[in-house]
Amino acid sequence: MAKKKQLKFIDLFAGLGGFHLALSKLGCKCVFSSELKEDLRKLYQINYPGVRIEGDITKIAPKDIPAHDIICAGFPCQPFSQAGNRQGFNDEKGRGTLFDYIIDIVAYHKPKYIFLENVSNLKGHDNGNTWRVIQEKLDEQEYSVKAEILSPHEFGIPQHRKRIYIVCIRKDLGLLDNFTFPKGNKPVCDVNDIIEPNAKDITPIKEETHYQLNIWQEFIDKTIANGGTIPTFPIWAMEFGASYDFETVAPAFQSIEQLVEKKGKLGKIIRGTTLKECLAQLPNYSQTDKTRVFPVWKIRYIQQNRDFYNKHKSWLKGWMKKIVHFENSHLKMEWNCGVNVEPHIENKIVQFRASGIRVKKSTFVPALNLVGTQIPIFPWIELPKDMQKPEIGLTKGRYMTLHEAASVQGMRELSFGNDDFRLSLARSYEALGNAVNVELVKMIAKKLLDYAK
């Protein structure tokens, strides 16, 4: 029996090598990779020794790339992301046009398969024009195309991260008309599947964080004790007690007279002789001068928070004294758990984000935007005795470890350095947040390769 030919692939915009890990597990061989960031290239060489890795893909001629059967690319998503400026192919930094370099390589090598990954917003960007252009360019190269938006949590992997996965096959080898992506059938996940209770390399929450979570738990307790329900809208405590005008004209476009003697952040009276002085006394989200009229969503959130304050001010006034020294982002709280759950922060996953303290159910990890303090917190995990501070009640609560974060992405075996080079902790988390999910990519790739047999 003839030996089955080993498929070769290239790994573009490689990052931590999620595509590499997934395809290698299916018996494929990586013959070329590229990654712009130097530190990630060094780490790639540690994890995948012997594989050629280059930096800027735009500096490499397609003819200088080895022949391959599969091209993999999690091409830069910032131009299409909801979180970015969404310029797409017109991105001023040229990231959108990197897709054209993929097409140049495809045109030269004509690989059997193309496997791409990007943000879920890709199809809707620019009213669908970006996706239309991508399809047209792939069709011009004679490829059949199919795409699907999937999230790891749909497959029992405890991470919520919707992404678009695009698979292509050269038309002379077949069409993808009857190809189906893997179907998720495990909507309920358990984050404890990846938590290591006895992990040694842990970072406990700080005393300040412990205090802040206790204060927000008090907010929840008193809301319920006084006949209310936990708000489903973002709680902007800065708005409590405020009375400045906001509905018709944004404060930045008002006169000093309109602002002075009104109440601003945390209900403090606005005083000042210049517009700049007056604006500085408002909640930070109301100081902007980008538009003369606030967006509808911002007007709604401000009004909802003022209504909540007016209904609960009998106890809120005392509670607010405990938060006056909080940073702006810590004065916001998003309860993303719904109403039919236990009203306790301790058994939920917490993230301290720029937009506020976000609380989610512990069924799965939120999208891994693992930058700085956005690393998820597991408040229920008991700390080792030598890290506990029982005198202030701090006996539980730590951040997700790097190994746990890697597990969520299917990269449990990944090394983050050796004796010669080690990726910093912050960069490791950031890179994991940008990585493709290995298990999900592997499932899709297997279906594609099995389909094409």
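Residues numbered from 1 in each chain as written. Predicted model: local features only at pLDDT ≥ 70, side-chain atom pairs only at ≥ 80, totals over all residues. Heavy atoms only, no water.

A. Region of the structure containing the overall build of the protein chain. Counting secondary structure elements, the protein chain contains eleven helices and 13 strands. In terms of overall dimensions, the protein chain has C-alpha extents of about 85 × 55 × 45 Å along its principal axes. Looking at the protein chain residue by residue over its 453 residues, the buried ones come to 51%. Looking at the protein chain alone, contacts between residues at least 24 apart form 68% of all its contacts between residues at least 6 apart. (Helix = DSSP H or I, 4+ residues; strand = E, 2+ residues; numbered from the N terminus. Buried < 20%, exposed > 50% of the residue type's maximum accessible area, 1.4 Å probe, protein only. Contact = heavy atoms within 4.5 Å.)

B. Fine view of the packing of aromatic side chains. Enumeration over the complete set of coordinates arrives at 19 aromatic pairs. For the pair phenylalanine 179 and tyrosine 451, a centre-to-centre distance of 5.5 Å together with 85° between the ring planes defines the contact as edge-to-face. A residue pair is termed long-range when its members are at least 10 positions apart, and phenylalanine 179 in the loop between β7 (163–170) and α5 (207–225) and tyrosine 451 in helix α11 (residues 438–451) qualify at 272 residues. Note on phenylalanine 179: relative accessible area 2%, which makes it buried. Relative to tyrosine 301, the ring of tryptophan 236 has its centre 5.5 Å away and its plane inclined at 85°; by these criteria the two rings are edge-to-face. Note that tryptophan 236 is positioned in strand β8 (residues 235–236) and tyrosine 301 in helix α8 (residues 296–320), a separation of 65 residues in sequence. By way of ring pairs, the aromatic residues Trp216, Phe219, Phe240, Phe308, Tyr309, Trp315 and Trp319 are connected into one cluster. Just above the ring of phenylalanine 294 sits the side chain of lysine 298; from NZ or CZ to the centre is 4.7 Å. (Phe/Tyr/Trp six-rings, centres within 6.5 Å; stacked < 30°, edge-to-face > 60°. Lys NZ or Arg CZ within 6 Å of the ring centre and 35° of its normal.)

C. A look at helix α4 (residues 129–140). If you check α4, its first and last C-alpha atoms are 16 Å apart, about what twelve residues at 1.5 Å a residue would give, namely 16 Å. Of the residues making up α4, those classed as buried are Thr130, Trp131, Ile134 and Leu138. Looking straight down α4, one finds that the buried residues subtend no more than 100° of arc, so they occupy a single side. Tucked inside the fold, the buried residues of α4 contact α3 (98–109), β5 (113–119), β6 (143–150) and β7. Looking one or two places after α4, you find glutamate 142, whose phi comes out positive at around 70°. (Expected span 1.5 Å × (residues − 1). Arc of directions from axis to C-beta.)

D. Just the packing of helix α1 (residues 18–25) against α11, in detail. The geometry of α1 relative to α11 is characterised by a closest axis approach of 8 Å and an angle of 50° between their N-to-C directions. Taken as axis vectors, α1 and α11 run oblique relative to one another. The interaxial crossing formed by α1 with α11 has right-handed handedness. On α11, the residues that touch Gly18, Phe19, Leu21, Ala22, Leu23 and Lys25 of α1 are Val438, Glu439, Val441, Lys442 and Ala445. Taken together, the residues of the contact of α1 with α11 break down into seven nonpolar, one polar and three charged. (Axes fitted to C-alpha atoms, helices over the stretch in contact; angles between N-to-C directions. Parallel < 35°, antiparallel > 145°, perpendicular 65-115°, else oblique. Left-handed = near helix turned anticlockwise from the far one by under 90°. Nonpolar A, V, L, I, M, F, W, Y, C, P; charged D, E, K, R; others polar.)

E. Main features of the pairing of strand β4 (residues 70–73). Residues Ile70 and Cys72 point to one face of β4 and Ile71 and Ala73 to the other, with burial holding for every one of them. Sheet analysis places β4 next to β5, joined by four bridges and oriented parallel. What sits directly across from cysteine 72, in β5, is phenylalanine 115. (Pairing = 2+ DSSP bridges.)

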